[in-house]
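Topology and contacts: notes
Residues per chain are reported as follows:
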Amino acid sequence: MEKKKISFDLSVYDAVESLPDDELKLMQAAIAARKNAYAPYSDFYVGAAALLENGEVVIGNNQENASFPAGLCAEGVAVFQAGSRFPGVVIKTIAISAASNKYVVDKPTAPCGICRQSISEYENRQKTPISLLMAGEKGSVFKCESVADILPLGFDSSYL
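Residues numbered from 1 in each chain as written. Predicted model: local features only at pLDDT ≥ 70, side-chain atom pairs only at ≥ 80, totals over all residues. Heavy atoms only, no water.

1. Brief notes about the sheet that holds strand E4 (residues 91-100)
To be explicit about the condition: Two strands pair under a simple rule: DSSP has to find at least two bridges between them. Runs of E in the DSSP output that reach at least two residues are strands. Runs of H or I that reach at least four are helices, and both are numbered from the N terminus. To define axes, lines are fitted to C-alpha atoms, for helices over the stretch in contact only, and angles between the resulting N-to-C directions are given on a 0 to 180 degree scale. In what follows, residue pairs with any heavy atoms lying within 4.5 Å of each other are defined as contacts.
One open sheet holds the 6 strands; their spatial order is E1-E6-E5-E4-E2-E3, and the pairing between them is mixed. Taken across any chain shown, the strands that pair with only one partner, and hence form the sheet edges, are strand E1 (11-13) and strand E3 (57-61). Taking the axes of each pair of neighbouring strands and ignoring which way they run, one obtains an average angle of 15° across the sheet. The pairing of strand E2 (residues 44-52) with E3 spans 5 bridges and is antiparallel. Counted as the bridge partner of Ala49 is Ile59 from E3. Against the sheet, helix H2 (residues 74-85) touches E2, E3 and E4, its axis set at about 140° to E3.

Here you go:
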């Protein structure tokens, strides 16, 4: 038997305001999108903003419904909208911001497993990494250079 360790580099910024200007602007778009989320059941609001290679910014926010698991996550909405509106255009970065009506989200919020898989599909298809910026309402911001970092041993078309 051989043991292997899987690790990745994670950049940590003290606060949203510490981000470089281009990433701050993208995070501000995610925050604005978050404010329009529809989350009457969880009271957990998420916004996402995807920067495309052509300079376009595509937003998404979570959308819940009474059939609770049938809702859509912000990251998925943004990625699928980018794929629908700008087919073949590379997604460079996705910023994610989360807030709650029940408590202060004071740590970065990462994509759920389904969204990691969806973003991974786009990353594999475009053959270039998609970096992620992850934030709560306040506190530090995490940045990873590829969704593959937070989805090690991901499932892709090579298994089919």
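Having put the structure on the table, let's press on.
2. Some words on the pattern of salt bridges
Side chains that differ in charge, positive against negative, can pair when their charged atoms come close. Applicable threshold: Any carboxyl oxygen of Asp or Glu within 4 Å of a side-chain nitrogen of Lys or Arg constitutes a salt bridge here. The buried label goes to any residue with under 20% of its type's maximum accessible area, the exposed label to any with over 50%, and the partly exposed label to all in between, with areas taken from a 1.4 Å probe on protein chains only.
Summed over all chains, the structure comprises 2 salt bridges. For Lys143, the salt bridge identified is with Glu23, shortest N-O distance 2.5 Å. Of the two residues, Lys143 is situated in strand E6 (residues 141-144) and Glu23 in helix H1 (residues 21-34); the sequence distance between them amounts to 120 residues. Comparing Lys143 with Glu23, the two get one shared label, buried. In this structure, the salt-bridge partner of Glu145 is Lys143, at a minimum N-O distance of 3.8 Å. The structure contains a network of salt bridges with shared partners spanning Glu23, Lys143 and Glu145.

3. Some details on the layout of surface pockets
Note the cut-off: For each structure, a 1 Å grid was placed over the protein atoms alone; sets of points admitting a 1.4 Å probe that cannot get out are labelled cavities, open sets with protein on both sides within 12 Å along at least five of seven lines are labelled pockets, and lining residues have an atom within 4 Å of a point. Grid points are joined across faces, edges and corners, and a volume is the space filled by probe spheres set on the points. All amino acids are sorted into three groups, where Ala, Val, Leu, Ile, Met, Phe, Trp, Tyr, Cys and Pro are nonpolar, Asp, Glu, Lys and Arg are charged, and the leftover types, Gly among them, are polar.
A volume near 300 Å³ is recorded for the largest pocket. If you go around the largest pocket, you meet 17 residues; those closest to its centre are Phe44, Asn62, Glu64, Leu72 and Cys73. Of all the secondary structure elements, the ones that give two or more residues to the lining of the largest pocket are E2 and H2. Partitioning the lining of the largest pocket into residue classes produces 10 nonpolar, 5 polar and 2 charged.

4. Quick notes on the side chain of Thr93
In plain terms, the rule: In protein, a polar contact requires one atom able to donate a hydrogen and another able to accept it; more generally it is a pair of N or O atoms within 3.5 Å, and residues adjacent in sequence count only if both atoms are side-chain atoms.
Checked against the element boundaries, Thr93 lands in strand E4. For Thr93, a relative accessible area of 10% translates into the label buried. Within polar-contact distance, the side chain of Thr93 engages the side chain of Ser131 at 2.9 Å. Apart from the residues lying within four places of it in its own chain, the contact partners of Thr93 are Leu26, Ala49, Ala50, Leu51, Ile130, Ser131 and Leu133.

5. Side note on the state of the cysteines
Working definition of a disulfide: a covalent bond connecting the sulfur atoms of two cysteines. To be explicit about the condition: Two cysteine sulfur atoms make up a disulfide if the distance between them is within 2.5 Å.
Per the counting criterion, the structure on display carries 0 disulfides. The thiol of Cys73 is unpaired, and the distance to the nearest cysteine sulfur, on Cys115, comes to 3.8 Å. Exposure remark for Cys73: the relative accessible area of 32% places this residue in the partly exposed category. Between Cys144, a cysteine without a disulfide, and Cys115, which holds the nearest cysteine sulfur, the sulfur-to-sulfur distance is 14 Å. Residue classification places Cys144 among the buried positions, given a relative accessible area of 0%.

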